[in-house]
Structure formats: structure tokens, C-alpha cells
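Tertiary structure, described
So you can see what is in the structure, the chains are spelled out below.
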Amino acid sequence: MKGFPEISDAEYQVMKIIWSAGVPLNTNEVVEKLETTTSWKPKTIHTLLSRLVKKGALQYEKNGRVFVYTPPVAESEILAKESDSFLNRFYNGALNAMVVNLLEEDKLSDDDINALRHILSEKLSKRRDLQ
């Protein structure tokens, strides 16, 4: 995804709430959801929403006296961009180097390895079906 602004970790938490809703949320709904998962005050949340709008990470409509927020891009697009950025920054774009590092550092459990094996097997099977 080209052109999505850099956002802070706190701003990303706000975005995750909005993305997970799957529908536009108004200010009060965002505040309610974040008050249950963070120790932030409503004013802090309002500030974060305002920053995200200014950065272009969120769009809003004024519905009466209430602001309703929608993300201009899907979370999956941002995750793909951030994953690529991480891989390029730390592993020169080589996914296998990252996986090898995780294996060597014993960061993957047996369940993780089995899940990866299953995912890779399915991917290979789909590729063979396409050929």
C-alpha cells in the first residue's frame, strides 16, 4: 500500500479497534472500546483520532454532532506493507532468513512448526493445482 502514513503504536491501537469493527464507528464507540482495553482518558483518544485524520489514516463524516470514522484502507494492506518493511529492514527481504533465525533461537514451538508445515504444504498443493 503506497502512501499510508507512518503511525505510532498508540495510533495503531486505535486503527485496530476501527478495523476490527468492520463498520464505521463514532467517537463514543471508539472511546468505549478503548477504555476497556487501555488506561487512556477520552481526551487522549480524541487526540489520537484527530491525529489519524490529519495524517490521512482515517476519514470521517460528521453525522449531526457526532463524528463517524472509517479507514481508507484495509488492515490487511497495512499488514502486508509493514511485513515487507520489517523483512527488508532486518532480513534484506529474505523471509527464509527470518524463519531460520526464529528456529535457531528456539522462538518457534512444536505447534508453531507444525502450523507452518501445514500452511506450506497447502501453499505447495495450490501451486501444483494451478500448473
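Okay, so let's go over this structure. (Residues numbered from 1 in each chain as written. Predicted model: local features only at pLDDT ≥ 70, side-chain atom pairs only at ≥ 80, totals over all residues. Heavy atoms only, no water.)

1. Brief notes about the pairing of strand β2 (residues 59-63)
- With zero of five residues buried, β2 lies mostly on the surface of the structure.
- With five bridges connecting them, β2 and strand β3 (residues 66-70) associate as antiparallel partners. Bridging from a neighbouring strand, asparagine 63 pairs with valine 66 of β3. (Buried < 20%, exposed > 50% of the residue type's maximum accessible area, 1.4 Å probe, protein only. Helix = DSSP H or I, 4+ residues; strand = E, 2+ residues; numbered from the N terminus. Pairing = 2+ DSSP bridges.)

2. Quick word on a nonpolar patch on the surface
- Judged by side-chain polarity, Leu116, Ile119 and Leu120 come together as a nonpolar surface patch covering roughly 280 Å² of accessible area.
- Look at leucine 116 and you get partly exposed, because its relative accessible area is 34%. (Patch = residues over 30% accessible without salt bridge, like charges linked within 9 Å, V, L, I, M, F, W, Y side chains within 5 Å. Areas by Shrake-Rupley, 256 points an atom, 1.4 Å probe, with all protein chains shown as cover. Salt bridge = Lys/Arg side-chain N within 4 Å of Asp/Glu carboxyl O.)

3. Comments concerning the pattern of salt bridges
- Applying the stated rule across the entire model yields three salt bridges.
- In this structure, the salt-bridge partner of lysine 81 is glutamate 6, at a minimum N-O distance of 4.0 Å. Residue lysine 81 is found in helix α4 (residues 75-91), and its partner glutamate 6 is found in the segment before α1 (9-21); the two are separated by 75 residues along the sequence.
- For glutamate 11, the salt bridge goes to lysine 55, with nearest N and O atoms at 2.8 Å. Placement of the pair is glutamate 11 in helix α1 and lysine 55 in helix α3 (residues 42-55), with a sequence separation of 44 residues.
- Relative accessible area serves as the criterion here: at 36%, lysine 55 is assigned to the partly exposed category.
- Here the residues in one salt-bridge network are Glu6, Lys81 and Glu82, joined through shared partners.

By themselves these figures say nothing about function.
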